[in-house]
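An overview of the molecular structure
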Amino acid sequence: MIKCGVIGCGVIAPTHIEGYQALPGVEVVHLCDLIPERAAALGEKYGIPRCSADYRELLADPEVQLVSVCTDHASHADIVVAALEAGKHVVCEKSLGRIPADLDRMVAAANAHPELVSSGIFQHRFQPANRHLRQLLMDGKFGRVVLLNLVFSCLRTAEYYQKDAWRGTFAGEGGGILINQAIHHLDQLRFLFGDVRRLAARSANLTHQGVIEVEDTAAFLLEFESGLLGTVTATNSAAAEWRTLLSIIGTDVCLEYANEQPVHVEGADNTLVHEIEAALMEKSAEKVVGKHYYGVGHTAQLGDVVEAIRNHRKPEVTLADAADSSALVMAVYESAAHGGEWVSVRKY
Ligand SMILES: NC(=O)c1ccc[n+]([C@@H]2O[C@H](COP(=O)([O-])OP(=O)(O)OC[C@H]3O[C@@H](n4cnc5c(N)ncnc54)[C@H](O)[C@@H]3O)[C@@H](O)[C@H]2O)c1
C-alpha cells in the first residue's frame, strides 16, 4: 500500500484525492490546509483519517510516503524542498514555481534526492488523444512540421481573482493567464514538439485593470530547438470558458485540433487523413475527473508517479521537466518586460 498526503485543500485537491482513491493499493491518509475547516471538510467527505494545519506536521507523519502539493504557486518551492528533505516522494501542481529562483531550489533538492520520486503535474500529457498525436508526430505522419499556432482563450472574471488573495498577484501567483491557465498548453507544445530555444513576447492587462497586477493577455513568437516556428496567443478575457485551437502545419498533413479534438485534417493521402481523424476522435472521448478542461489525465499521472515509486524508476514528468515548462513561461515574462526582446529559454 502506498500512503499519501495532500497539502492544500482548495479547488484542485479533490481531483488528487479522487485520483489516488481510484488507484489500486493507494490510500490518502493525511490532509493539510492552513484553513483547518477545508481539510476537515475533505477529510469527512473522502473518509481520510488525519488533518493538519501545518504542512510540517503532515511531513512528520511516518505513514505518509507520497505528498501532493496543491497550494498557491508561491508556497510550492518551500513545501516541495521540505517534503524531499523529509524523505517523501512528491508531486507538485503547476506552476512548479513562481520565479526562476524557486525552480532552481526545487530542481536542486530533487537532484540531491535521486532515491525519491519527484514530479510536476501536467495532466494533459496523459490525455489519450495527446499521446496519440505525439506518436503520430514522432512517426513522421505529418511530414515535416514547419509551423504551429496555438490560440488559447478562457474567461477569468474579477470575482474569480477576488476569491483568493494569491490570485492575480506577482507575489502569490507570479503572473496571470500564462503561469496559471495557458501553462498547460505551453507544456503540451513542449510535449509534442520538443524544447523552445528562444521567444519574443508582448503582454497586457486589457480587461482586469485595478483587479490584477499581472497579464490577462499575451502574444509571442517561438523558435523551437528543431527550427520549427510557432505563435501563441492567449487571453483570459474571452467569451469562452476554456478553448484551445492548435493548428499544426506539416508538409504531409495539416491538423486543426480544438479542445484536444480534431476539427479539420487535411493532406494528399485521404486514407491517412481519415485514420488520423478517427483515431484522435476515439481517443478524445474518455471520461473526465474534475472540471471538463482538467482532462482525464490526473489519475493517469498520479498512477505513473505511484508506479515510479513501486518500480524505482523516474516518473514520466520529472521535476526538471516540469520546471522547463515553468521556465518557458518565465522567459515570456522576461521578454515582455524588456519590450518584446528575444529571450533564450532556460533548461533544467
Ligand atoms: N492541474 C490543473 O488542472 C489545476 C487546476 C486548478 C489548480 N491547479 C493548481 O493547483 C494549485 C492550487 O490551486 P487551487 O485552485 O486549488 O487553489 P486554492 O486557493 O483553491 O487552494 C489552495 C489551498 O492551499 C492552502 N494553502 C496555501 N498555503 C498553504 C500552506 N503553506 N500549507 C497548507 N495549506 C496551504 C490554502 O489555504 C488553500 O485552501 C495551484 O498551483 C494551481 O495552479 C491546477
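Residues numbered from 1 in each chain as written. Predicted model: local features only at pLDDT ≥ 70, side-chain atom pairs only at ≥ 80, totals over all residues. Heavy atoms only, no water.

1. A look at the domain arrangement of the protein
Assigned domains within the protein: domain 1 (2-124 + 299-317) and domain 2 (127-286 + 325-344). Counting from both sides, the interface comprises 17 residues of domain 1 and, opposite them, 23 residues of domain 2. Taken together, the two surfaces of domain 1 and domain 2 that pack against each other cover about 1,600 Å², and 55% of this comes from carbon and sulfur. Contact with domain 2 buries area across many residues of domain 1, yet Arg98, Phe122 and His124 alone supply 42% of it, more than any other trio. Arg131 is the salt-bridge partner of Glu316, the closest N and O atoms lying 2.9 Å from each other. Between the two partners, domain 1 and domain 2, sit 11 residue pairs in polar contact (both at pLDDT 80 or more). For the side of domain 1 that touches domain 2, the secondary structure elements donating two or more residues are helix H4 (73-85) and helix H5 (100-112). A breakdown of the residues in the side of domain 1 that touches domain 2 according to their chemical character gives 7 nonpolar, 5 polar and 5 charged. (Domains from an automatic or database assignment. Contact = heavy atoms within 4.5 Å. Buried area = accessible area lost by both parts, 1.4 Å probe. Salt bridge = Lys/Arg side-chain N within 4 Å of Asp/Glu carboxyl O. Polar contact = N/O pair within 3.5 Å; in protein donor to acceptor, adjacent residues only side chain to side chain. Helix = DSSP H or I, 4+ residues; strand = E, 2+ residues; numbered from the N terminus. Nonpolar A, V, L, I, M, F, W, Y, C, P; charged D, E, K, R; others polar.)

2. A closer look at empty space enclosed by the protein
Evaluated as defined, the whole model comprises 1 cavity of 30 Å³ or more. Its volume calculated, the largest cavity comes out at about 40 Å³. Lining the largest cavity we find Leu150, His185, Gln188, Thr244, Leu246, Tyr257 and Glu260. Mapped by element, the contributors of at least two residues to the lining of the largest cavity are helix H8 (177-193) and strand S11 (237-250). Here the lining of the largest cavity is composed, by residue class, of 3 nonpolar, 3 polar and 1 charged. (1 Å grid on protein atoms, 1.4 Å probe; cavity = no way out; pocket = protein on both sides within 12 Å on 5 of 7 lines; lining within 4 Å. Points joined across faces, edges and corners; volume = space filled by probe spheres on them.)

3. Observations regarding a nonpolar patch on the surface
On the surface, Val146, Leu147, Leu229 and Ile249 cluster together to form a nonpolar patch covering roughly 300 Å² of accessible area. With respect to the helices and strands, Leu147 occurs in strand S7 (residues 145-155). (Patch = residues over 30% accessible without salt bridge, like charges linked within 9 Å, V, L, I, M, F, W, Y side chains within 5 Å. Areas by Shrake-Rupley, 256 points an atom, 1.4 Å probe, with all protein chains shown as cover.)

4. Observations regarding the sheet that holds strand S5 (residues 89-92)
With respect to topology, 6 strands assemble into an open sheet ordered S3-S2-S1-S4-S5-S6, the strand pairing being parallel. Unpaired on one side and paired on the other, strand S3 (50-52) and strand S6 (118-120) mark the two borders of the sheet. Strand-to-strand twist across the sheet, computed as the mean angle between neighbouring axes with direction ignored, equals 20°. Of the strands in this sheet, strand S1 (2-7), strand S2 (26-32), strand S4 (66-69), S5 and S6 touch helix H10 (residues 297-310), which is tilted by about 150° from S4. (Pairing = 2+ DSSP bridges. Axes fitted to C-alpha atoms, helices over the stretch in contact; angles between N-to-C directions.)

5. Examining the site of the ligand
Of all residues adjacent to the ligand, which total 30 residues, the nearest are Asp33, Arg38, His73, Lys94 and Gln123. Take Val11: an N or O atom from its main chain is 3.0 Å from an oxygen atom of the ligand. Arg38 has a polar side-chain atom sitting 2.6 Å from an oxygen atom of the ligand. Protein chains bury 92% of the 840 Å² of accessible surface belonging to the ligand in isolation. With respect to the pocket detection grid, the ligand is positioned in the largest pocket. Secondary-structure elements contributing two or more residues to the shell around the ligand are H4 and H8. It is H4 that contributes the most residues to the shell around the ligand, 4 residues altogether. Residues belonging to the shell around the ligand are distributed by class as follows: 13 nonpolar, 10 polar and 7 charged. Looking at the shell around the ligand, you find at least three residues from each of domain 1 (2-124 + 299-317) and domain 2 (127-286 + 325-344). (Near = heavy atom within 4 Å. Sits in = over half its atoms within 2 Å of the grid points.)

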